[in-house]
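Here are the chains, one letter per residue:
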Amino acid sequence: MKIALLGAGHIGETIARLLRNSGHYDVTVFDKNEKALSALSEEGIKVQAVQEIGPGAAAMVRGFDAIVNALPYHLAIPAAHMALEAGCHYFDLTEDVAATKEIMRIAEGSRTAFMPQCGLAPGFIGIVAHHLAKGFDTLQDVKMRVGALPAFPTNALKYNLTWSVDGLINEYCHPCECIHDGSKIDALPLEGLEHFSLDGTEYEAFNTSGGLGTLCETLAGKVQNLDYKTVRYPGHRDLMQFLLDDLQLKNDQEKLKDIMRKSMPATMQDVVLVFVTVSGMKQGRLVQEVFARKIFAERDGARPLSAIQITTAAGICAAVDLFRQGKLPQQGFVPQEAVELPAFLANEFGKAYQQSRQVESIG
């Protein structure tokens, strides 16, 4: 399968290596960062410098089977339009709700497949929640929690940059789709604060945008309450609320991003937490089922990988691979709910999520 991979950043380079090393893919990486491209080229990965992403640049990807987009979220719509014009299948990692809705529109009547939101959240978290939900006669609550956290927090925010700061601020600033008492609503970001513990560690969780993917539409009329929250260490939410609301930096997001890039070091020593609870009726009993994972960074190899690199790249690579195998719809819009969890976890890429135990069902 011939892949045009857009983006040579930390996630993009990981995707390129995973797909190339599997032996099933002929990968060419497109980016404007010639230094990043040069590093991949030295490993024998095909690269091509490009300055423009969008329909006007469709010629550069004609002849490829699929576009895999690992660029920042604001380039998702131009990249999807490029895929449509070039006649390529399309996969991305976007958490942006508006971008996903536009991609759904683009996919209407298309002879090629469009599958956004293929990462961790949205992505794997929705696959898990949908899988658990299918086992209930009637659904009451579906709660989805994900955190990409530093293993060794040292600052007041108890956070390091483990992924795109653009995506981070975007999810902190936009309305959060959810279902409450059977009705779809938009909740405020950073609200809905809650606390929980897992394996002896205390966490907080609060509303952020985009993590539900298309589950609001899929489970509409079937569930009483459905929500997604980002997990952080206690105290993070209050400080972010101070920055965004009290200091009004939500109205100057570029300044906040610049501050965070200059003052908050990135880390490769992180952990990804996935925590899903689903409750409802089974055979006349009220039952709750829980799925939990902790995925850790890989530090021992020649090329260390952060947990967020592992989980995000594994998510989109597994989606592409299941598509190649004919296990997903081959045209139109493809939601994450189309992926069967057992098939994902059995996939050569999806196995990355097997690092940590699953908490058994309780009820």
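Residues numbered from 1 in each chain as written. Predicted model: local features only at pLDDT ≥ 70, side-chain atom pairs only at ≥ 80, totals over all residues. Heavy atoms only, no water.

Draft legend 1. View of the overall build of the protein chain. If you tally the helices and strands in the protein chain, you get 11 helices and 15 strands. Over its C-alpha atoms the protein chain spans a radius of gyration of 20 Å, differing by no more than 12% from the 21 Å that the globule rule assigns to 363 residues. Seen through its principal axes, the protein chain has C-alpha atoms that stretch 55 × 45 × 40 Å. The burial tally for the protein chain puts 55% of its 363 residues in the buried class. When contacts within the protein chain are restricted to residue pairs at least 6 apart in sequence, those whose partners lie at least 24 apart make up 69%. Summed over all atoms, the accessible surface of the protein chain reaches about 15,100 Å², with 50% contributed by carbon and sulfur. The averaged location of the 43 negative side-chain charges in the protein chain is 3 Å from the averaged location of its 34 positive side-chain charges. (Helix = DSSP H or I, 4+ residues; strand = E, 2+ residues; numbered from the N terminus. Rg over C-alpha atoms; globule rule 2.2 N^0.38 Å. Buried < 20%, exposed > 50% of the residue type's maximum accessible area, 1.4 Å probe, protein only. Contact = heavy atoms within 4.5 Å. Areas by Shrake-Rupley, 256 points an atom, 1.4 Å probe, with all protein chains shown as cover. Lys, Arg positive; Asp, Glu negative; His and termini not counted. Charge placed at Lys NZ, Arg CZ, Asp CG, Glu CD.)

Draft legend 2. Highlighting the nonpolar core. Among the nonpolar cores identified, the biggest contains 73 residues, and Ile15, Met144, Leu226 and Val276 are the most heavily contacted of them. Per-element tally for this core: the top contributor is helix α10 (residues 307-324), with 12 residues. Ignoring sequence-local partners within four residues, the contact set of Ile15 consists of Leu5, Val68, Ala70, Leu93, Ala313, Ile316 and Cys317. (Core = buried A, V, L, I, M, F, W, Y, C linked by side-chain atoms within 4.5 Å.)

Draft legend 3. Just the packing of aromatic side chains, in detail. Throughout the structure, instances matching the rule amount to 11 aromatic pairs. One aromatic cluster in this structure is built from Phe124, Phe291, Phe344 and Tyr353. One residue, Lys2, lies across the ring of Phe64, its end atom 4.8 Å from the ring centre. It is Lys282 that lies over the ring of Phe136; its NZ or CZ is 4.8 Å from the centre. (Phe/Tyr/Trp six-rings, centres within 6.5 Å; stacked < 30°, edge-to-face > 60°. Lys NZ or Arg CZ within 6 Å of the ring centre and 35° of its normal.)

Draft legend 4. Spatial organisation of empty space enclosed by the protein. The tally for this structure, following the rule as stated, stands at 3 cavities of 30 Å³ or more. Each pocket or cavity is described by its volume, and for the largest cavity that value is around 70 Å³. Mapped onto the lining of the largest cavity, the elements with two or more residues apiece are β8 (176-180) and β12 (225-232). The leading source of residues in the lining of the largest cavity is β8, at 3 residues. Taken together, the residues of the lining of the largest cavity break down into 5 nonpolar, 6 polar and 2 charged. Approximately 60 Å³ is the volume attributed to the second largest cavity. Lining the second largest cavity we find Val97, Thr100, Lys101, Met104, Gln117, Glu177, Gly213, Thr214 and Glu217. (1 Å grid on protein atoms, 1.4 Å probe; cavity = no way out; pocket = protein on both sides within 12 Å on 5 of 7 lines; lining within 4 Å. Points joined across faces, edges and corners; volume = space filled by probe spheres on them. Nonpolar A, V, L, I, M, F, W, Y, C, P; charged D, E, K, R; others polar.)

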